[in-house]
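Single-letter residue listing:
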Amino acid sequence: MRALMWSLSEYYIDNLAEETKKGHRETALKGLHNGGYSPFGYDVVNQQYVVNPIEAAFVRKIFDAARERRGFTEIIRELEAAGIRGKRREKPNAIRIENALPVIIDRAAFMEVQVIMNERKQSGRKADYLCSGLVYCQCGAKMHALKTHRRGMSTYTMPALPSAGRTR
């Protein structure tokens, strides 16, 4: 009897998870907010996404700086002065619907910046060290380590400036 109850319970939980996913997908297809934090540059009013004019101005500045291949240090200072703080959020299972949100950056500008950012990606083998991908410079760039072999000893060193955050 207990095994039967566990089986029914497991079926109910799996079915409920599937139905919840369907509901989230339907809500996303309508372009409505599914909960949680809204993306940077947007506010949520009555479950609808609306452009936040202050944050949208910063989004445009960030894209312009990327297109002109300038650093982001000054923009980060402006964001801090305005009291705007962002968080890096990874949402691997997020539902992404094309053209569901009001446009801040046109598609051509977005694709141009994607090409530039892909060119700037570091290639090669990354060193496996304790804080890999977790340490950021004050300018917002990821810090990385260089692995060297000196006289038979393997050591890690941190460069003076992160490669992605250098400005001249």
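Check the entry above for the structure.
Residues numbered from 1 in each chain as written. Predicted model: local features only at pLDDT ≥ 70, side-chain atom pairs only at ≥ 80, totals over all residues. Heavy atoms only, no water.

S.K.: Got a minute to help me understand the overall build of the protein chain in this structure?
M.R.: Looking only at helices and strands, the protein chain has four helices and four strands in total. Reading the secondary structure of the protein chain in the N-to-C direction produces α-β-β-α-α-α-β-β. Out of the 168 residues in the protein chain, the part that is buried amounts to 21%. Summarising the internal contacts of the protein chain: among those between residues at least 6 apart in sequence, 42% fall at separations of at least 24. A total of about 13600 Å² of accessible surface is found on the protein chain, and carbon and sulfur atoms cover 54% of it. (Helix = DSSP H or I, 4+ residues; strand = E, 2+ residues; numbered from the N terminus. Buried < 20%, exposed > 50% of the residue type's maximum accessible area, 1.4 Å probe, protein only. Contact = heavy atoms within 4.5 Å. Areas by Shrake-Rupley, 256 points an atom, 1.4 Å probe, with all protein chains shown as cover.)

S.K.: Can you help me understand the packing of helix H2 (residues 53-67) against helix H4 (residues 107-120) in this one?
M.R.: Helix packing geometry: the angle between the two helix axes and the distance between the axes. Contact pair H2 / H4: the axes reach a minimum separation of 9 Å and the direction vectors enclose 50 degrees. Taken together, the axes of H2 and H4 are oblique relative to one another. Judged by the sense of rotation from one axis to the other, the crossing of H2 with H4 is left-handed. Here Phe63, Ala66 and Arg67 of H2 lie close against H4, whose contacting residues are Ala109, Phe110, Glu112, Val113 and Ile116. Partitioning the contact of H2 with H4 into residue classes produces six nonpolar, no polar and two charged. (Axes fitted to C-alpha atoms, helices over the stretch in contact; angles between N-to-C directions. Parallel < 35°, antiparallel > 145°, perpendicular 65-115°, else oblique. Left-handed = near helix turned anticlockwise from the far one by under 90°. Nonpolar A, V, L, I, M, F, W, Y, C, P; charged D, E, K, R; others polar.)

S.K.: Whenever I open this one, unusual backbone geometry confuses me. Can you help?
M.R.: Among all residues except glycine, the phi angle is most often negative; among peptide bonds, the trans geometry is most common. Even without a glycine there, the phi angle at asparagine 46 is positive, about 50 degrees. Examined against the element boundaries, asparagine 46 turns out to sit in the loop between strand S1 (42-45) and strand S2 (48-51). Exposure remark for asparagine 46: the relative accessible area of 74% places this residue in the exposed category. We note that glutamine 47 has phi near 70 degrees; this positive angle belongs to a residue other than glycine. Turning to its location among the elements, glutamine 47 is positioned in the loop between S1 and S2.

S.K.: So what exactly am I meant to see when it comes to the packing of aromatic side chains here?
M.R.: The relative placement of two aromatic rings is captured by the distance of their centres and the angle of their planes. This model, assessed by the stated rule, comprises two aromatic pairs. Centre to centre, the rings of tyrosine 42 and tyrosine 49 are 6.3 Å apart; their planes meet at 80 degrees, and the pair counts as edge-to-face. We note that tyrosine 42, like tyrosine 49, is buried. Measuring from ring centre to ring centre gives 6.1 Å for phenylalanine 63 and phenylalanine 110, while their planes differ by 35 degrees; the resulting arrangement is tilted. Highlighted residues: phenylalanine 63 in helix H2 and phenylalanine 110 in helix H4, separated in sequence by 47 residues. (Phe/Tyr/Trp six-rings, centres within 6.5 Å; stacked < 30°, edge-to-face > 60°.)

S.K.: Looking at this structure, I do not really get the pairing of S2. What am I missing?
M.R.: Residues in a regular strand project their side chains so that they alternate between the two faces of the sheet. Direction of pairing for S1 relative to S2: antiparallel, over a ladder of four bridges. Note on S2: the bridge partner recorded for tyrosine 42 is valine 51. (Pairing = 2+ DSSP bridges.)

S.K.: Any chance you could explain the pattern of salt bridges here in plain terms?
M.R.: For side chains bearing opposite charge, pairing can occur when the charged atoms are close. Applying the stated criterion across every chain, the model contains seven salt bridges. The salt bridge involving glutamate 68 is made with arginine 70; its shortest N-O contact spans 2.7 Å. The closest approach of N and O atoms between glutamate 74 and arginine 77, which form a salt bridge, is 3.6 Å. Taken together, the residues span about one helical turn, with glutamate 74 and arginine 77 both in helix H3 (residues 73-81) at a distance of three residues. For glutamate 74, a relative accessible area of 47% corresponds to the partly exposed category. (Salt bridge = Lys/Arg side-chain N within 4 Å of Asp/Glu carboxyl O.)

S.K.: Where do I start with the side chain of threonine 27 in this structure?
M.R.: Within the secondary structure, threonine 27 is located in helix H1 (residues 2-29). What threonine 27 contacts, discounting residues up to four positions off in sequence, is Leu32, His33, Asn34 and Gln47.

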